[in-house]
Amino acid sequence: MQATQATSVQKSIIDFKKAKKVTTHTLQEMKQAGVKISMLTAYDFSMARIVDAAGIDVILVGDSASNVMAGHETTLPITLDQMIYHASSVVRGIDRALVVVDLPFGSYQGNSKEALNSAIRIMKESGAHAVKLEGGKEVKESVERIISAGVPVMGHLGLTPQSIYKFGTYAVRATEEQEAERLREDAMILQQAGCFSIVLEKIPAALADDVSSSLFIPTIGIGAGPDCDGQVLVIHDMLGINKEFKPRFLRRYLNLFDDIRKAVEHYIDDVKSLDFPNENEKY
Ligand code: KIV
């Protein structure tokens, strides 16, 4: 990037930070200005408050709640009611971020009417701003129907965890040309259907670059390299709460599993040794 271009992107970063509310239009403008979009998951009020205060652009109430909040092996068991519960808690914690909520497995695959009803329930009962669903061509009609009711939709291609039993593995997707071509086509279909953005999960960086530059809507990558228009991580993974999960794409910013464990051990010691509560900590 040239110096003048870099300065103008820096200025845009500052301008976008000042935006009172992030909307789907803000994300479009960020893509045009070359400003990367930051997205993290959150599932509860307290975490959403922290993430929003830090200035995140998008909070995803992901169906990864099924894994990190409920302890399930896959994202399949979480229900629409449970997603609405998580989403409404998140919405109460934010001032600025755009809140996107995953339509859970089984709440949209039946037909486009079912998809629309599920999206409407999320918007009405949680106060969120948009929904996300997995798939390409096969969800086109649902995407169009949801958008025609005024609900913004984010797509999700590549590794789509709700189809884990079809794939059989969480390995990188679209490494073969045939699947890569299908993904390019699906991305175009989602854009034409009206999606405001698409998550690209665990695909080769070169393919993600190719898709991102061929679309006018922004892409958000997870394990899809640096050339997507934004990046997303699961908050439990990037904070190191989830110790076992160590894919190559994950950057850990804290080691909270160990830190929290140490704090709890300290507390237990203090209680057992009669150190807590002390004179100043009683009424
Ligand atoms: O559910 C989720 O957290 C997601 C992200 C991994 C993109 O869909």
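Position numbers for residues start from 1 in each chain and track the written sequence from start to end. Under the rules for a predicted model, residues below a pLDDT of 70 receive no local features and side-chain atom pairs below 80 are neither given nor counted, while totals for whole chains, interfaces and linings still include all residues. As a convention, hydrogens and water are excluded, and side-chain values are obtained from all of the structure's heavy atoms.

1. A few points about helix 6 (residues 112-126)
Here is step 1 of the chain: With 15 residues, helix 6 extends 21 Å between its outermost C-alpha atoms, agreeing within 8% with the 21 Å of an ideal straight helix rising 1.5 Å per residue.
Here is step 2 of the chain: Buried, partly exposed and exposed residues are distinguished by accessible area as a fraction of the type maximum, computed with a 1.4 Å probe on protein chains only: under 20%, between the cut-offs, and over 50%, respectively. Secondary structure elements follow DSSP: runs of H or I of four or more residues count as helices, runs of E of two or more count as strands, with numbering from the N terminus. Every buried residue belonging to helix 6 is among S112, A115, L116, S118, A119, I122, M123 and S126, and all of these are buried. Mapping the buried residues of helix 6 onto a view down its axis gives an arc of 165 degrees, with all of them on the same face.
Here is step 3 of the chain: We call two residues contacting when some pair of their heavy atoms lies within 4.5 Å. Each element contacted by the buried residues of helix 6 is listed here: helix 5 (80-91), strand 3 (98-102), strand 4 (130-132) and helix 7 (140-148). Expected span of a helix: the number of residues minus one, times 1.5 Å. Arc definition: it is the arc formed by the directions from the helix axis to the C-beta atoms.

2. Digging into the domain arrangement of the protein chain
Here is step 1 of the chain: When the domains of the protein chain are assigned, the result is domain 1 (2-252) and domain 2 (256-283).
Here is step 2 of the chain: The domain limits used here are those given by an automatic or database domain assignment. Using C-alpha coordinates to define each centre, domain 1 is positioned 39 Å away from domain 2.

3. What to know about the site of the ligand
Here is step 1 of the chain: Throughout, the term near means that a residue has one or more heavy atoms lying within 4 Å of the molecule or strand in question. Around the ligand sit T41, L60, G62, D63, S64, D102, K132, H156, V199, E201, I222 and V234, and those are all the residues in its vicinity.
Here is step 2 of the chain: K132 is positioned such that a nitrogen or oxygen atom in its side chain is 2.9 Å from an oxygen atom of the ligand.
Here is step 3 of the chain: Within the complex, 95% of the 260 Å² of free accessible area of the ligand lies under protein.
Here is step 4 of the chain: Of the residues contributing to the shell around the ligand, the split by class is 4 nonpolar, 4 polar and 4 charged. Here a polar contact is taken to be a pair of N or O atoms separated by no more than 3.5 Å, where protein atoms must pair a possible hydrogen donor with a possible acceptor and residues adjacent in sequence count only if both atoms sit in side chains. Note on areas: these come from Shrake-Rupley sampling with a 1.4 Å probe, and a residue is covered only by the protein chains present in the view. Each residue is assigned to one class: nonpolar for Ala, Val, Leu, Ile, Met, Phe, Trp, Tyr, Cys and Pro, charged for Asp, Glu, Lys and Arg, and polar for all the others, Gly among them.

4. Points about the packing of aromatic side chains
Here is step 1 of the chain: Only Phe, Tyr and Trp rings take part, Trp by its six-membered ring, and two of them pair if their centres are within 6.5 Å. Stacked means planes under 30 degrees apart, edge-to-face means over 60, and tilted covers everything else. Under the criterion given, the structure shown has 2 aromatic pairs.
Here is step 2 of the chain: Residues F245 and F249 carry aromatic rings whose centres are separated by 6.4 Å and whose planes lie at 70 degrees to one another, so their mutual orientation is edge-to-face.
Here is step 3 of the chain: When its relative accessible area of 35% is taken as the criterion, F245 is described as partly exposed.
Here is step 4 of the chain: We call a charge positioned above a ring when the Lys NZ or Arg CZ atom is no farther than 6 Å from the ring centre and deviates by at most 35 degrees from the ring normal. One Lys or Arg, R173, reaches over the ring of F167 and ends 3.7 Å from the middle of that ring.

5. Description of the side chain of D52
Here is step 1 of the chain: Relative to the helices and strands, D52 is located in helix 3 (residues 45-53).
Here is step 2 of the chain: Buried charged residue D52 carries no salt bridge. Nearest counter-charge: R96, at 6.0 Å.
Here is step 3 of the chain: A distance of 2.8 Å separates the side chain of D52 from the backbone nitrogen of A97, its partner in a polar contact. Note on charges: Lys and Arg go in the positive column, Asp and Glu in the negative column, and His and the chain ends are not counted at all. Salt bridge, as applied in this entry: a Lys or Arg side-chain nitrogen positioned within 4 Å of an Asp or Glu carboxyl oxygen.

6. Description of the sheet that holds strand 8 (residues 230-233)
Here is step 1 of the chain: In this scheme, strands are said to pair when DSSP sees at least two bridges between them. Judged by pairing direction, the barrel is parallel, and its 8 strands sit side by side in the order 1-2-3-4-5-6-7-8 before closing back on the first. Strand after strand, the sheet turns through a mean of 25 degrees between neighbouring axes, direction not considered.
Here is step 2 of the chain: Here strand 4 pairs with strand 5 (residues 153-158) via 2 bridges, running parallel. Bridging from a neighbouring strand, K132 pairs with M154 of strand 5.
Here is step 3 of the chain: Here helix 6 sits on the sheet and contacts strand 3 and strand 4; the angle it forms with strand 4, its principal contact strand, is near 135 degrees. Lines fitted to C-alpha atoms define the axes here, with helix axes fitted over just the stretch in contact, and angles between the N-to-C directions of these axes take values from 0 to 180 degrees.

7. A few points about the packing of helix 6 against helix 7
A pair of packed helices is captured by two measures, namely the crossing angle of their axes and the spacing between those axes.
Here is step 1 of the chain: Running from N to C, helix 6 and helix 7 cross one another at 45 degrees; their axes reach a closest spacing of 8 Å. When the axis of helix 6 is compared with that of helix 7, the two are oblique. In this structure, helix 6 crosses over helix 7, and the sense of that crossing is right-handed. Of the residues in helix 7, those touching helix 6 at S112, K113, A115, L116 and A119 are E141, S142, R145 and I146.
Here is step 2 of the chain: Looking at the contact of helix 6 with helix 7 residue by residue, the classes come out as 4 nonpolar, 2 polar and 3 charged. Geometric relationships in this document are graded by angle, where less than 35 degrees denotes roughly parallel, more than 145 denotes roughly antiparallel, 65 to 115 denotes roughly perpendicular, and other angles denote oblique. Crossings are classed by handedness, with left-handed meaning an anticlockwise turn of the near helix from the far one by less than a right angle and right-handed meaning a clockwise turn.

8. Here we look at a nonpolar patch on the surface
Here is step 1 of the chain: To count toward a patch, a residue needs a relative accessible area over 30% and no salt bridge; like charges are then connected within 9 Å, while nonpolar side chains (Val, Leu, Ile, Met, Phe, Trp, Tyr) are connected within 5 Å. Judged by side-chain polarity, I260, V264, Y267, I268, V271 and F276 come together as a nonpolar surface patch covering roughly 500 Å² of accessible area.
Here is step 2 of the chain: Mapped onto the elements of the fold, Y267 is located in helix 12 (residues 256-272).
Here is step 3 of the chain: When its relative accessible area of 47% is taken as the criterion, Y267 is described as partly exposed.

9. Some words on the pattern of salt bridges
Pairing between side chains of opposite charge can happen when their charged atoms approach one another.
Here is step 1 of the chain: What the rule picks out here adds up to 15 salt bridges.
Here is step 2 of the chain: Among the ionic pairs, E177 bridges to R184, the shortest N-O distance being 3.0 Å.
Here is step 3 of the chain: Between E181 and R184 there is a salt bridge whose closest N-O contact spans 2.7 Å. Of this pair, E181 and R184 both sit in helix 9 (residues 177-193), 3 residues apart, which is roughly one turn of the helix.
Here is step 4 of the chain: The partly exposed category is assigned to E181, whose relative accessible area is 33%.
Here is step 5 of the chain: Residue classification places R184 among the partly exposed positions, given a relative accessible area of 25%.
Here is step 6 of the chain: Overlapping salt bridges bring together E177, E181, R184 and D210 as one network.

10. Some points on unusual backbone geometry
Here is step 1 of the chain: Here the bond from F276 into P277 is cis, since omega is -5 degrees, no more than 30 degrees from zero.
Here is step 2 of the chain: With a phi close to 55 degrees, A174 is a non-glycine residue in the positive phi region.
Here is step 3 of the chain: Looking at where A174 falls in the secondary structure, it is placed in the loop between helix 8 (164-167) and helix 9.
Here is step 4 of the chain: Positive phi, normally seen in glycine, also occurs at K202, with a value near 50 degrees.

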